[in-house]
Each structure stands twice: as C-alpha cells, then as structure tokens.
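Below, each chain spelled out in residue letters.
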Amino acid sequence: MTQLSVKLDASWLHYLGAEFDQPYMKTLQTYLVEQRKAGKTVLPAADEYFNAFNATAFESVKVVILGQDPYHGPGQAHGLCFSVKKGVKPPPSLKNIYKEIAADLQVDNNFAHGDLTHWANHGVLLLNSVLTVEQNLAASHQGKGWEIFTDRVIEVLSESRQHCVFMLWGSYAQKKGQKIDATKHLVLKSPHPSPLSAYRGFFGAKHFSQCNTYLEHTGQQAIDWANL
C-alpha cells in the first residue's frame, strides 16, 4: 500500500501521503494481504477502503461523522461510516439516525435507502476509525494500524481547517476526538445511535440542526440532511 498505489484524492495525499511510507502502514498492508491469501473476506472491497476521502475532498469537509468499524455483514460496507449501498437494508443505527433527523429538522422520515454518498459529496466526511473488517467478525481489524492513520486524519483537519463540525457519537468516538481544537471547530457529543444507547440521549440531541446553524453562522452552506 505505497503512496503511488493508493487511489486517494490529491487533496488528502498532500496531508497524508507520508503516512503510507510509515512502518505501521506497511505492517497493515502485509496483514491485509495475508488475510486475503488465507481466504478471509475483507470488507469493504480494496478499491473502497478510502471511499470517504475520495467522496469528500479535504478542502470540502464541513462535517465529520466519526464511526468505529465498517459493517461486517455481506454487501454492507462500502467505505462510508453508517452507510450501505442502495438495495441493502439500512442497519438499526442508521435507521435511528434517520429518526433523529426527521424529528430534529421536522421532515418526513421517508428515507428511501441507506446510501449516504450524497452527504459525502456535499461536505460530510463519513470516517470510520478502522477502515476494514473481516466479514461476519465484528471489530476484527482493530489494533492493526488503521487507528493511527485516522488519528492523523482528525489531527490534520483540526489543525489545518476551521469551522468544521465534528459529530462524536458514543464513548469510543468521543475518546478519539479528544484532541480536536474546540476553539476552531464545533464538537457535538451524544450517545451512539445504536438501539442499545440511542434512547440515552442520541434522540433529542439535535445535532443536525445545531450543525446547520453553526455552518450558516460561519458563512457556509447548510447540509440538506433529508436529501439522499
């Protein structure tokens, strides 16, 4: 996974290109190759690992939603956190996100599919902390190196951009986002939208309206959250 072999938007390579020469990334590459050679199904597909970055250029990022691991069910993960391709049933956490959008923004909860690419194309970086997983084995690629890479992503966004909105849902995301400069950015925190925790404060947190208010107050265009 050298810099030259990675299909990563040039705007991100400017900040992250050196990461692909680091020992941790070379170790991660070896691990992923060995997993595939061993007959393991790694999700998402290799050409989708960096979908979040290719869908949202560095200078276009207005919002960062931080997930943990890709979905591990067949056909679900495609490189955008919380998102699934059209034709794949939206998972429970995504359904709860839709419920909160509908209640917060007072729009109909008639989201037709679970593909969030439209958000990504309009400035929402849908970033998982870990970018791969073994099919049917949740969290199986944690601790293999992706976290170092995505920590760097958050660091360069915090340092080099201004007036981004970071949505940190759940303790894992909040811990990972501890170093975000809250004097330059809006950091929103709530419980995770999982059915296990959504009723503990994700519902009613109103992150989507708070986000849009902040974007407009800082001279940016609001996100049309109801448009997929």
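Residues numbered from 1 in each chain as written. Predicted model: local features only at pLDDT ≥ 70, side-chain atom pairs only at ≥ 80, totals over all residues. Heavy atoms only, no water.

The next subject is the overall build of the chain. The helix and strand inventory of the chain stands at eight helices and six strands. In the chain, the succession of α and β elements from N to C terminus is α-α-β-α-β-α-α-β-β-α-β-α-β-α. Expected size for 228 residues packed as a compact globule is a radius of gyration near 17 Å; at 17 Å, the chain falls within 12% of this value. Seen through its C-alpha atoms, the chain measures out along the principal axes to roughly 50 × 35 × 25 Å. Out of the 228 residues belonging to the chain, those deemed buried represent 52%. Pairs at least 24 apart in sequence give 67% of the contacts found in the chain among residues at least 6 apart. (Helix = DSSP H or I, 4+ residues; strand = E, 2+ residues; numbered from the N terminus. Rg over C-alpha atoms; globule rule 2.2 N^0.38 Å. Buried < 20%, exposed > 50% of the residue type's maximum accessible area, 1.4 Å probe, protein only. Contact = heavy atoms within 4.5 Å.)

A separate point is the layout of surface pockets. The volume enclosed by the largest pocket comes to roughly 400 Å³. Partitioned by chemical class, the residues of the lining of the largest pocket number nine nonpolar, eleven polar and one charged. (1 Å grid on protein atoms, 1.4 Å probe; cavity = no way out; pocket = protein on both sides within 12 Å on 5 of 7 lines; lining within 4 Å. Points joined across faces, edges and corners; volume = space filled by probe spheres on them. Nonpolar A, V, L, I, M, F, W, Y, C, P; charged D, E, K, R; others polar.)

This next bit is on helix α8 (residues 207-217). Taken residue by residue, α8 has H207, F208, C211, N212, Y214 and L215 as its buried positions. One side of α8 carries all its buried residues, which in axial view fall inside an arc of 160°. The inward-facing, buried residues of α8 contact β2 (63-67), α4 (92-105), β5 (165-169) and β6 (186-190). Immediately beyond the C-terminal end of α8, within one or two residues, lies G219, with a positive phi of roughly 80°. (Arc of directions from axis to C-beta.)

Turning our eyes to something else, we now look at the state of the cysteines. Scanning the model with the defined rule gives zero disulfides in all. Considering cysteine sulfurs only, C211 is the nearest to C164, which forms no disulfide, with 10 Å between them. When its relative accessible area of 0% is taken as the criterion, C211 is described as buried. (Disulfide = S-S within 2.5 Å.)

Counted residue by residue, β2 has five buried out of five residues, so it is predominantly covered. Both faces of β2 are covered, namely the face carrying V63, I65 and G67 and the face carrying V64 and L66.

With that settled, consider the nonpolar core. Counting residues in each nonpolar core, the largest one holds 62 residues, and the members touching the most others are F53, I65, F149 and W225. Broken down by element, this core gets its largest block of residues, six residues, from helix α6 (residues 146-160). Dropping the residues within four chain positions of it, W225 is found in contact with V63, I65, I101, L105, F111, W119, V124, M167, F208, C211 and N212. (Core = buried A, V, L, I, M, F, W, Y, C linked by side-chain atoms within 4.5 Å.)

Let's shift gears to the sheet that holds β2. The strand order across the open sheet formed by four strands is β3-β2-β5-β6, and the pairing between neighbours is parallel. The open sheet is flanked by β3 (124-128) and β6, the only strands paired with a single partner. Between one strand axis and the next, the sheet turns through 20° on average, direction left out of account. Of the pairings in the sheet, the one linking β2 to β5 comprises four bridges and is parallel in character. By the bridge assignment, I65 is partnered in β5 with M167. On the sheet, α8 packs against β2, β5 and β6 and is oriented at approximately 165° with respect to β5. (Pairing = 2+ DSSP bridges. Axes fitted to C-alpha atoms, helices over the stretch in contact; angles between N-to-C directions.)

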